[in-house]
Amino acid sequence: MSTQTAGRRTRRPETKLWRVPVVRVERVTPRLARVTVGGGELADFVSAGTDQNVMLYFYPDDAELPEPLTLESARAMWSRVRPLTRTYTIRRHDPDANEIDFDFVLHDAAGPASDWAKAARPGDRLIFVGPSPAYRPDPTADWHLLAGDETALPAIAAILDVLPADAVVRVFAEVEDAAEELALPTPVTWVHRSAGDALAGAVAAADLPPGRMDAWLAGERSSMVELRAHLLDERGFDRRAVRPTTYWRRGEAGG
Ligand SMILES: Cc1cc2nc3c(=O)[nH]c(=O)nc-3n(C[C@H](O)[C@H](O)[C@H](O)COP(=O)(O)OP(=O)(O)OC[C@H]3O[C@@H](n4cnc5c(N)ncnc54)[C@H](O)[C@@H]3O)c2cc1C
(Lines give C-alpha, C1' and ligand atoms only; values in the text may rest on other atoms or scores of the structure.)
Protein backbone atom coordinates (compact mmCIF):
# COMPACT_ATOMS: atom_id res chain seq x y z
CA MET A 1 0.00 0.00 0.00
CA SER A 2 1.17 3.50 -0.77
CA THR A 3 2.78 5.45 2.00
CA GLN A 4 1.93 8.68 0.20
CA THR A 5 -1.65 9.86 0.27
CA ALA A 6 -3.09 10.52 -3.17
CA GLY A 7 -3.34 13.94 -4.69
CA ARG A 8 -1.36 17.07 -4.94
CA ARG A 9 1.43 17.79 -2.50
CA THR A 10 3.28 20.99 -1.74
CA ARG A 11 6.91 21.42 -2.71
CA ARG A 12 9.36 20.08 -0.13
CA PRO A 13 10.42 22.86 2.25
CA GLU A 14 14.06 22.97 3.29
CA THR A 15 14.78 19.86 5.37
CA LYS A 16 16.65 20.64 8.57
CA LEU A 17 17.34 19.10 11.93
CA TRP A 18 15.64 20.93 14.77
CA ARG A 19 16.46 20.56 18.47
CA VAL A 20 13.80 22.42 20.41
CA PRO A 21 12.82 22.54 24.10
CA VAL A 22 9.43 21.40 25.34
CA VAL A 23 7.49 24.36 26.72
CA ARG A 24 4.16 22.68 27.67
CA VAL A 25 2.59 19.25 27.92
CA GLU A 26 -1.17 18.89 28.07
CA ARG A 27 -3.23 15.70 28.40
CA VAL A 28 -5.91 16.47 25.81
CA THR A 29 -7.62 13.12 26.46
CA PRO A 30 -6.64 10.15 28.65
CA ARG A 31 -4.64 8.69 25.73
CA LEU A 32 -3.45 11.83 23.90
CA ALA A 33 -0.63 14.16 24.98
CA ARG A 34 -0.14 17.51 23.26
CA VAL A 35 3.53 18.41 23.49
CA THR A 36 4.38 22.01 22.60
CA VAL A 37 7.96 22.77 21.66
CA GLY A 38 9.11 26.31 21.13
CA GLY A 39 11.74 29.02 21.15
CA GLY A 40 14.11 30.94 18.94
CA GLU A 41 15.35 27.64 17.47
CA LEU A 42 12.15 27.62 15.38
CA ALA A 43 12.54 31.18 14.02
CA ASP A 44 13.23 29.99 10.47
CA PHE A 45 10.83 27.02 10.47
CA VAL A 46 8.69 27.24 7.30
CA SER A 47 5.40 25.41 7.57
CA ALA A 48 4.15 23.23 4.71
CA GLY A 49 0.65 22.94 6.26
CA THR A 50 -2.01 20.18 6.45
CA ASP A 51 -0.50 16.71 7.02
CA GLN A 52 3.15 17.85 7.08
CA ASN A 53 5.18 15.56 9.28
CA VAL A 54 8.66 15.25 10.69
CA MET A 55 10.96 12.42 11.69
CA LEU A 56 11.58 12.40 15.44
CA TYR A 57 15.06 11.26 16.50
CA PHE A 58 15.42 9.37 19.79
CA TYR A 59 19.04 8.91 20.90
CA PRO A 60 20.19 6.73 23.80
CA ASP A 61 20.42 8.83 27.00
CA ASP A 62 24.19 8.40 27.14
CA ALA A 63 24.82 9.36 23.49
CA GLU A 64 27.36 12.14 23.10
CA LEU A 65 25.89 14.43 20.48
CA PRO A 66 28.06 16.77 18.40
CA GLU A 67 27.74 20.54 18.68
CA PRO A 68 26.16 21.93 16.66
CA LEU A 69 23.80 19.01 16.01
CA THR A 70 22.81 19.34 12.36
CA LEU A 71 21.52 16.88 9.78
CA GLU A 72 25.07 16.57 8.50
CA SER A 73 26.75 16.08 11.90
CA ALA A 74 23.99 13.62 12.95
CA ARG A 75 24.53 11.59 9.78
CA ALA A 76 28.31 11.72 10.15
CA MET A 77 28.06 9.74 13.40
CA TRP A 78 25.50 7.17 12.19
CA SER A 79 28.08 4.39 12.13
CA ARG A 80 28.56 4.91 15.90
CA VAL A 81 25.17 6.21 17.12
CA ARG A 82 22.01 5.99 15.11
CA PRO A 83 18.76 7.33 16.60
CA LEU A 84 15.48 5.45 16.62
CA THR A 85 13.15 7.38 14.33
CA ARG A 86 9.37 7.80 14.36
CA THR A 87 7.16 10.00 12.17
CA TYR A 88 4.78 12.58 13.68
CA THR A 89 2.48 15.25 12.28
CA ILE A 90 2.80 18.93 13.06
CA ARG A 91 -0.61 19.60 14.58
CA ARG A 92 -0.07 23.37 14.76
CA HIS A 93 2.74 25.75 13.89
CA ASP A 94 2.51 29.27 15.33
CA PRO A 95 5.23 31.35 13.64
CA ASP A 96 4.53 34.39 15.85
CA ALA A 97 5.07 32.45 19.07
CA ASN A 98 7.69 30.14 17.46
CA GLU A 99 5.78 27.11 18.69
CA ILE A 100 4.88 23.71 17.30
CA ASP A 101 2.32 21.30 18.79
CA PHE A 102 2.58 17.55 18.39
CA ASP A 103 -0.27 15.25 19.46
CA PHE A 104 1.11 11.90 20.67
CA VAL A 105 -1.17 8.88 21.02
CA LEU A 106 -0.16 7.22 24.30
CA HIS A 107 -0.55 3.55 23.47
CA ASP A 108 -0.16 0.60 25.87
CA ALA A 109 2.72 -1.19 24.12
CA ALA A 110 6.18 0.21 24.80
CA GLY A 111 7.60 2.39 22.03
CA PRO A 112 10.21 5.16 22.10
CA ALA A 113 7.88 7.91 20.89
CA SER A 114 4.85 7.13 23.04
CA ASP A 115 7.08 6.46 26.08
CA TRP A 116 8.94 9.75 25.53
CA ALA A 117 5.64 11.67 25.38
CA LYS A 118 4.31 9.98 28.54
CA ALA A 119 7.33 11.28 30.47
CA ALA A 120 7.87 14.61 28.63
CA ARG A 121 8.38 17.70 30.82
CA PRO A 122 9.12 21.36 30.05
CA GLY A 123 12.82 21.74 29.33
CA ASP A 124 13.20 18.32 27.67
CA ARG A 125 14.53 18.59 24.12
CA LEU A 126 12.83 17.11 21.09
CA ILE A 127 14.99 16.45 18.03
CA PHE A 128 13.29 16.21 14.66
CA VAL A 129 14.02 16.43 10.93
CA GLY A 130 11.71 17.92 8.34
CA PRO A 131 9.12 19.04 7.52
CA SER A 132 7.74 16.89 4.70
CA PRO A 133 5.70 18.23 1.81
CA ALA A 134 1.98 18.41 2.57
CA TYR A 135 -1.29 17.26 1.05
CA ARG A 136 -3.28 19.90 -0.83
CA PRO A 137 -7.03 19.24 -0.98
CA ASP A 138 -8.38 19.23 -4.54
CA PRO A 139 -10.28 22.53 -5.00
CA THR A 140 -12.23 21.04 -7.94
CA ALA A 141 -13.61 18.03 -6.03
CA ASP A 142 -17.34 17.91 -5.27
CA TRP A 143 -16.67 16.68 -1.75
CA HIS A 144 -13.89 15.61 0.63
CA LEU A 145 -13.61 12.40 2.64
CA LEU A 146 -11.26 12.51 5.65
CA ALA A 147 -10.92 9.26 7.57
CA GLY A 148 -8.45 7.79 10.02
CA ASP A 149 -7.71 6.83 13.60
CA GLU A 150 -6.34 8.96 16.43
CA THR A 151 -2.87 9.10 14.85
CA ALA A 152 -4.49 10.80 11.85
CA LEU A 153 -6.47 13.36 13.85
CA PRO A 154 -3.67 15.97 13.91
CA ALA A 155 -3.57 15.89 10.10
CA ILE A 156 -7.37 15.79 9.75
CA ALA A 157 -7.67 18.83 12.04
CA ALA A 158 -5.02 20.70 10.04
CA ILE A 159 -6.71 19.81 6.73
CA LEU A 160 -10.06 21.06 8.05
CA ASP A 161 -8.31 24.36 8.89
CA VAL A 162 -7.54 24.95 5.18
CA LEU A 163 -10.75 23.70 3.55
CA PRO A 164 -13.08 26.52 2.45
CA ALA A 165 -16.03 27.13 4.77
CA ASP A 166 -18.48 25.95 2.09
CA ALA A 167 -16.60 22.72 1.25
CA VAL A 168 -18.67 19.54 1.51
CA VAL A 169 -16.73 17.29 3.87
CA ARG A 170 -17.37 13.99 5.67
CA VAL A 171 -15.07 13.06 8.56
CA PHE A 172 -14.83 9.55 10.08
CA ALA A 173 -12.51 8.96 13.05
CA GLU A 174 -11.86 5.72 14.90
CA VAL A 175 -10.81 6.15 18.54
CA GLU A 176 -10.78 3.90 21.60
CA ASP A 177 -13.94 5.30 23.22
CA ALA A 178 -15.96 8.48 23.78
CA ALA A 179 -13.29 9.94 26.11
CA GLU A 180 -10.91 10.14 23.12
CA GLU A 181 -13.18 12.32 20.95
CA LEU A 182 -11.75 15.75 20.13
CA ALA A 183 -13.49 19.03 19.39
CA LEU A 184 -13.22 19.66 15.63
CA PRO A 185 -14.82 22.45 13.58
CA THR A 186 -16.85 19.94 11.50
CA PRO A 187 -19.26 17.20 12.59
CA VAL A 188 -17.41 13.87 12.89
CA THR A 189 -18.72 10.32 12.76
CA TRP A 190 -16.87 8.87 15.76
CA VAL A 191 -16.18 5.14 15.70
CA HIS A 192 -15.44 3.44 19.04
CA ARG A 193 -13.00 0.55 18.91
CA SER A 194 -13.97 -0.53 22.44
CA ALA A 195 -17.51 -1.13 21.17
CA GLY A 196 -16.18 -3.38 18.40
CA ASP A 197 -16.78 -0.82 15.65
CA ALA A 198 -14.33 -0.10 12.82
CA LEU A 199 -13.71 2.68 10.33
CA ALA A 200 -14.66 0.78 7.17
CA GLY A 201 -17.96 -0.33 8.70
CA ALA A 202 -18.86 3.23 9.64
CA VAL A 203 -18.09 4.52 6.15
CA ALA A 204 -20.04 1.61 4.64
CA ALA A 205 -23.08 2.50 6.76
CA ALA A 206 -23.02 6.18 5.76
CA ASP A 207 -24.87 8.03 3.02
CA LEU A 208 -22.03 9.67 1.10
CA PRO A 209 -22.51 12.78 -1.04
CA PRO A 210 -22.76 12.43 -4.83
CA GLY A 211 -20.03 13.58 -7.24
CA ARG A 212 -16.26 13.39 -7.42
CA MET A 213 -14.58 12.63 -4.13
CA ASP A 214 -11.19 13.80 -2.88
CA ALA A 215 -10.03 11.50 -0.06
CA TRP A 216 -7.38 11.73 2.64
CA LEU A 217 -7.12 8.45 4.57
CA ALA A 218 -4.55 7.32 7.15
CA GLY A 219 -4.27 4.96 10.09
CA GLU A 220 -3.45 1.39 11.09
CA ARG A 221 -2.55 -0.77 8.10
CA SER A 222 -5.29 -3.42 8.26
CA SER A 223 -7.94 -0.76 8.83
CA MET A 224 -6.68 1.07 5.73
CA VAL A 225 -6.72 -2.14 3.66
CA GLU A 226 -10.35 -2.73 4.70
CA LEU A 227 -11.38 0.86 4.01
CA ARG A 228 -9.70 0.89 0.61
CA ALA A 229 -11.42 -2.37 -0.37
CA HIS A 230 -14.80 -0.93 0.61
CA LEU A 231 -14.29 2.34 -1.28
CA LEU A 232 -13.06 0.61 -4.45
CA ASP A 233 -15.02 -2.65 -4.55
CA GLU A 234 -18.32 -1.69 -2.97
CA ARG A 235 -18.55 2.03 -3.72
CA GLY A 236 -16.72 1.96 -7.05
CA PHE A 237 -14.61 5.07 -6.48
CA ASP A 238 -11.74 5.85 -8.84
CA ARG A 239 -8.64 4.12 -7.47
CA ARG A 240 -6.57 7.27 -8.06
CA ALA A 241 -8.73 8.96 -5.42
CA VAL A 242 -8.31 6.16 -2.86
CA ARG A 243 -4.70 5.83 -1.70
CA PRO A 244 -4.64 5.41 2.07
CA THR A 245 -1.44 5.94 4.03
CA THR A 246 -0.28 3.40 6.60
CA TYR A 247 0.62 5.36 9.74
CA TRP A 248 1.36 2.31 11.92
CA ARG A 249 1.09 -1.49 12.01
CA ARG A 250 -0.40 -3.43 14.91
CA GLY A 251 2.27 -5.58 16.60
CA GLU A 252 5.17 -3.95 14.70
CA ALA A 253 7.48 -1.14 15.74
CA GLY A 254 7.67 1.80 13.35
CA GLY A 255 10.76 3.62 12.13
C1 LIG B 1 3.21 10.41 8.18
C2 LIG B 1 2.88 9.93 9.59
C3 LIG B 1 2.38 10.81 10.53
C4 LIG B 1 2.06 10.37 11.83
N5 LIG B 1 1.57 11.27 12.75
C6 LIG B 1 1.29 10.85 14.01
C7 LIG B 1 0.83 11.78 15.00
O8 LIG B 1 0.73 13.00 14.77
N9 LIG B 1 0.54 11.30 16.24
C10 LIG B 1 0.68 9.96 16.56
O11 LIG B 1 0.40 9.58 17.72
N12 LIG B 1 1.13 9.07 15.65
C13 LIG B 1 1.44 9.48 14.40
N14 LIG B 1 1.90 8.59 13.47
C15 LIG B 1 2.00 7.18 13.86
C16 LIG B 1 3.28 6.88 14.67
O17 LIG B 1 4.42 7.21 13.88
C18 LIG B 1 3.27 5.37 15.01
O19 LIG B 1 2.15 5.07 15.81
C20 LIG B 1 4.56 4.93 15.68
O21 LIG B 1 4.67 3.54 15.52
C22 LIG B 1 4.61 5.27 17.17
O23 LIG B 1 5.91 4.98 17.64
P24 LIG B 1 6.19 4.40 19.10
O25 LIG B 1 7.66 4.54 19.31
O26 LIG B 1 5.26 5.01 20.09
O27 LIG B 1 5.82 2.85 18.99
P28 LIG B 1 6.59 1.72 18.13
O29 LIG B 1 7.91 1.42 18.73
O30 LIG B 1 6.57 2.11 16.69
O31 LIG B 1 5.60 0.47 18.31
C32 LIG B 1 5.58 -0.28 19.52
C33 LIG B 1 4.27 -1.06 19.58
O34 LIG B 1 3.20 -0.12 19.72
C35 LIG B 1 2.23 -0.35 18.73
N36 LIG B 1 1.67 0.94 18.32
C37 LIG B 1 2.27 1.92 17.61
N38 LIG B 1 1.45 2.96 17.42
C39 LIG B 1 0.28 2.63 18.01
C40 LIG B 1 -0.97 3.28 18.17
N41 LIG B 1 -1.21 4.50 17.67
N42 LIG B 1 -1.96 2.67 18.86
C43 LIG B 1 -1.76 1.42 19.39
N44 LIG B 1 -0.58 0.74 19.28
C45 LIG B 1 0.41 1.34 18.60
C46 LIG B 1 2.96 -1.05 17.58
O47 LIG B 1 2.08 -1.83 16.80
C48 LIG B 1 3.97 -1.88 18.32
O49 LIG B 1 3.40 -3.10 18.73
C50 LIG B 1 2.25 9.01 12.18
C51 LIG B 1 2.79 8.12 11.23
C52 LIG B 1 3.09 8.57 9.95
C53 LIG B 1 3.68 7.60 8.95
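Residues numbered from 1 in each chain as written. Predicted model: local features only at pLDDT ≥ 70, side-chain atom pairs only at ≥ 80, totals over all residues. Heavy atoms only, no water.

(A) Inspection of the domain arrangement of the chain at higher detail. As far as domains go, the chain holds domain 1 (8-130) and domain 2 (135-248). In this structure, domain 1 and domain 2 have C-alpha centres spaced 26 Å apart. Taken residue by residue, the interface counts 14 residues in domain 1 and 21 residues in domain 2. Between domain 1 and domain 2, the buried area comes to about 1600 Å², and carbon and sulfur atoms account for 57% of it. The largest contributions to the domain 1 side of the interface with domain 2 come from R8, T50 and R91, which together make up 41% of the buried area. Run the count over domain 1 and domain 2 and you get 1 salt bridge. In this structure, R91 and D161 form a salt bridge, with 4.0 Å as the shortest nitrogen-oxygen distance. Taken together, domain 1 and domain 2 are joined by 5 residue pairs in polar contact (both at pLDDT 80 or more). Counting residues per element, the ones that place at least two in the side of domain 1 that touches domain 2 are β1 (8-9), β2 (16-29) and β7 (99-105). By residue class, the composition of the side of domain 1 that touches domain 2 is 4 nonpolar, 4 polar and 6 charged. (Domains from an automatic or database assignment. Contact = heavy atoms within 4.5 Å. Buried area = accessible area lost by both parts, 1.4 Å probe. Salt bridge = Lys/Arg side-chain N within 4 Å of Asp/Glu carboxyl O. Polar contact = N/O pair within 3.5 Å; in protein donor to acceptor, adjacent residues only side chain to side chain. Helix = DSSP H or I, 4+ residues; strand = E, 2+ residues; numbered from the N terminus. Nonpolar A, V, L, I, M, F, W, Y, C, P; charged D, E, K, R; others polar.)

(B) Structural context of the site of the ligand. Residues in contact with the ligand amount to 26 residues; listed here are only the nearest, T87, D103, H107, R249 and G254. One nitrogen or oxygen atom from the main chain of D103 is found 2.8 Å from a nitrogen atom belonging to the ligand. Within the backbone of P112, an N or O atom sits 3.0 Å from an oxygen atom of the ligand. Here the ligand loses 88% of its free accessible area of 910 Å² to cover by the protein chains. The set of elements that each furnish at least two residues to the shell around the ligand consists of β5 (84-89), β7, α2 (112-119) and β14 (245-248). (Near = heavy atom within 4 Å. Areas by Shrake-Rupley, 256 points an atom, 1.4 Å probe, with all protein chains shown as cover.)

(C) Up close: the side chain of N98. Its location among the elements puts N98 in the loop between β6 (92-94) and β7. Look past the residues within four positions of N98 in its chain and what remains in contact with it is V37, G38, G39, G40, L42 and A43.

(D) Focus on the nonpolar core. V37, F102, F104, W116 and F128 are the most contacted members of the largest nonpolar core, which totals 23 residues. Core analysis: the second largest hydrophobic core is formed by 22 residues, I156, L160, V169 and L182 among them. (Core = buried A, V, L, I, M, F, W, Y, C linked by side-chain atoms within 4.5 Å. Buried < 20%, exposed > 50% of the residue type's maximum accessible area, 1.4 Å probe, protein only.)

(E) Seen up close, unusual backbone geometry. Cis peptide bonds are those with omega within 30 degrees of zero, and the linkage from E67 to P68 qualifies with -5°. By the element assignment, P68 lies in the loop between β4 (53-58) and α1 (71-76). Although it is not a glycine, N98 adopts a positive phi angle of roughly 55°. Judged by its relative accessible area of 17%, N98 falls in the buried class.

(F) Spotlight on the sheet that holds strand β8 (residues 125-130). Spatially, β5-β4-β8-β2-β3-β7-β6 is the arrangement adopted by the 7 strands of the open sheet, whose pairing is antiparallel. The strands lining the two open edges of the sheet, one partner per strand, are β5 and β6. Ignoring strand direction, the axes of neighbouring strands in this sheet form an average angle of 35°. Relative to β8, β2 is paired through 6 bridges, and the arrangement is antiparallel. The residue of β8 that forms the bridge with V20 is L126. Contacts from α2 reach β2, β3 (32-38), β4, β5, β7 and β8, with the element oriented near 70° to β5. (Pairing = 2+ DSSP bridges. Axes fitted to C-alpha atoms, helices over the stretch in contact; angles between N-to-C directions.)

(G) Inspection of the pairing of β7 at higher detail. Along β7, 7 of the 7 residues are buried, which leaves the element largely enclosed by surrounding structure. Burial along β7 is two-sided: E99, D101, D103 and V105 and I100, F102 and F104, pointing in opposite directions, are all buried. Note that β3 and β7 share 7 bridges and pair antiparallel. Following the sheet pairing, T36 is matched in β7 by D101. Here 3 bridges tie β6 to β7, and the two strands are oriented antiparallel to one another. Following the sheet pairing, H93 is matched in β7 by I100.

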